[in-house]
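Listed below, chain by chain, are the residues.
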Amino acid sequence: MTLAPNQTELLARARADLRMGVPVVLARDGRTVLVAAAETLSSGRLSEMRTLGAPVLAITPRRAATLKARAYSDRVARIELPHDAGTDWIASVADPADDLTHPMKGPFRTLRGGDDGLEAQSVALCKSARLLPAALVIDVSNTPEVATNDNLTAMSLDDAMVEIMSLAPVIHARLPLSVSEAGRLHIYRPDDGSEEHYAVEIGRPPRDNPVLARLHSACFTGDVLGSLKCDCGPQLHTALARIGQEGQGVLLYLNQEGRGIGLANKMRAYSLQDQGFDTVEANHRLGFEDDERDFRIGSMILKSLGFSSVRLMTNNPRKVAMMNETGIEVTERVPLKVGKGTHNEAYLATKASKSGHLL
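So, a few notes on the structure that sits alongside this text. (Residues numbered from 1 in each chain as written. Predicted model: local features only at pLDDT ≥ 70, side-chain atom pairs only at ≥ 80, totals over all residues. Heavy atoms only, no water.)

## Comments concerning the pairing of strand β11 (residues 249-254)
Which entries qualify depends on this criterion: Residue exposure (1.4 Å probe, protein chains only): buried if accessible area is under 20% of the type maximum, exposed if over 50%, otherwise partly exposed. In this description a helix means any DSSP run of H or I spanning at least four residues, a strand means any run of E spanning at least two, and both kinds are numbered starting from the N terminus. A pair of strands is considered paired only if DSSP assigns at least 2 bridges between the two.
Counting buried residues along β11, 6 of its 6 residues qualify, which places the element largely inside the surrounding structure. Along β11, one buried face is formed by Gly 249, Leu 251 and Tyr 253 and the opposite face, lined by Val 250, Leu 252 and Leu 254, is buried too. Where strand β9 (residues 197-202) and β11 come together, 5 bridges link them in antiparallel fashion. Paired with Glu 201 across the strands is Val 250, a residue of β11. In this sheet, β11 lies alongside strand β10 (residues 211-217) in parallel orientation, the contact comprising 5 bridges. Bridge pairing in β11 links Arg 214 to Leu 251.

## A few points about a nonpolar patch on the surface
Put simply, the rule reads: Each patch is built from residues lacking any salt bridge and having more than 30% relative accessible area; the joining distance is 9 Å for like charges and 5 Å for nonpolar side chains (Val, Leu, Ile, Met, Phe, Trp, Tyr). For accessible areas, the Shrake-Rupley method is used with a probe of radius 1.4 Å. Any residue's cover is judged against the shown protein chains and nothing else. Salt bridges, as used here, are contacts in which a Lys or Arg side-chain nitrogen is within 4 Å of a carboxyl oxygen on Asp or Glu.
The grouping of Phe 220, Val 224, Leu 225, Leu 263 and Met 267 at the surface amounts to a nonpolar patch, some 450 Å² of accessible area in total. Every element with two or more residues in the nonpolar patch is listed here: α7 (220-224) and α10 (263-274). As for its placement among the helices and strands, Leu 225 is situated in the loop between α7 and α8 (232-246). What makes Leu 225 exposed here is its relative accessible area of 57%.

## With respect to α8
One full turn of an α-helix is made of 3.6 residues, so residues set three or four places apart face in the same direction. Note the cut-off: In a helix, the anticipated span is given by 1.5 Å times the number of residues less one. Every residue pair with non-hydrogen atoms within 4.5 Å of one another is taken to be in contact.
Its 15 residues give α8 an end-to-end C-alpha distance of 21 Å, which sits within 8% of 21 Å, the value for a rise of 1.5 Å per residue. Lining the buried residues of α8 we find β9, β10, α7, β11 and β12 (309-313). Positioned one or two residues after α8, Gly 247 has a phi angle of 90°, which is positive.

## Describing helix α13 (residues 317-325)
Stated formally: Each direction from the helix axis to a C-beta atom contributes to the arc, which is the arc of those directions. Side-chain atoms alone can form a polar contact between residues adjacent in sequence; in general such a contact is a pair of N or O atoms within 3.5 Å, and within protein one must be able to donate a hydrogen while the other accepts it.
The set of residues buried in α13 consists of Lys 319, Val 320, Met 322 and Met 323. All buried residues of α13 project into a common sector of 165° when viewed along the axis, lining one side. The residue sitting at the N-terminus of α13 and contributing the capping side-chain oxygen is Asn 316; that oxygen lies 2.9 Å from the backbone nitrogen of Arg 318.

## Section: the packing of helix α1 (residues 7-20) against helix α5 (residues 117-128)
Condition: Note on geometry: axes are C-alpha line fits, over the in-contact stretch for helices, and angles between N-to-C directions span 0 to 180 degrees. If an angle is under 35 degrees, it is roughly parallel; if it is over 145, roughly antiparallel; if it lies from 65 to 115, roughly perpendicular; otherwise it is oblique. All amino acids are sorted into three groups, where Ala, Val, Leu, Ile, Met, Phe, Trp, Tyr, Cys and Pro are nonpolar, Asp, Glu, Lys and Arg are charged, and the leftover types, Gly among them, are polar.
Orientation of α1 relative to α5, taken along the N-to-C sense of each, is 80°, at an axis distance of 9 Å. Relative to α5, the element α1 lies roughly perpendicular. Of the residues in α5, those touching α1 at Leu 11, Ala 14, Arg 15 and Leu 18 are Leu 125, Cys 126 and Ser 128. Across the contact of α1 with α5, the residue classes tally to 5 nonpolar, 1 polar and 1 charged.

Spelled out as structure tokens, the structure:
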């Protein structure tokens, strides 16, 4: 037993450092790199990092395609940083906010061949920190002491980067709701320091029968503010009402805002939509996939509550597939077609045509 942080705890520390603009050190297979998030990198730290080697800006193939930069890989593109490039240049490559007003950002020189594993992991780490998926990376294999000298978070990576975290139940308590006085709220805490997730249980559903359930991803703008740009708020309240009418069921509230990219990046996507891009195109221009959520979290919570089968309220076939693949049988898909209006008509059409939602 040791007091030192384990791999999961170091990852959480690294995410926090990147969000504050502090570089971290990653090592794997004999390589060591210094990593800073493009979004939070300061001019002072950029100057210091340049003294350690030749930096590259690692971005996703999605963002590279928008910039007309060659990725040479299906997981990352590595752009050589020009000698005169500052943080403004880095931000303009990472953030598509001014792509239309300043479309000629290149030409870019991208690296081809060689090991790009740590660059890909650096971008994945920025994603998991809910930052723009872009990282400044410098190979410091010959001077790994930089981590000790500057008291930086350092870790040797393994496959834990891509593994799902563990969830632990924290507490549950009675919570009378407007849809049913027989409500109970369960809190689940991930071991990686990320946001907690919730299960709203109504009544006492038998564990040996399919339970009426809804996997709902957090949407601050729709659930709380009543945004008309999406159908999330109406789906949340309709699902709770249906469970209340039935007298028993479970609603899982998963903190995966903006299809898993976080609220800040979701607002960036909204800004791009105001420029004329649809929701999928906006995500791609930012460097994200169509949907970055992990619905395995819902499966883990349902199993923890003792359920093995559900009648799932959803219009998203991907949720059905993920439940079945992770050991929760979906015996029935219950449609949830509510909330369509003039402000979200195009958004819902894109979900149907590009994401396969059954609307």
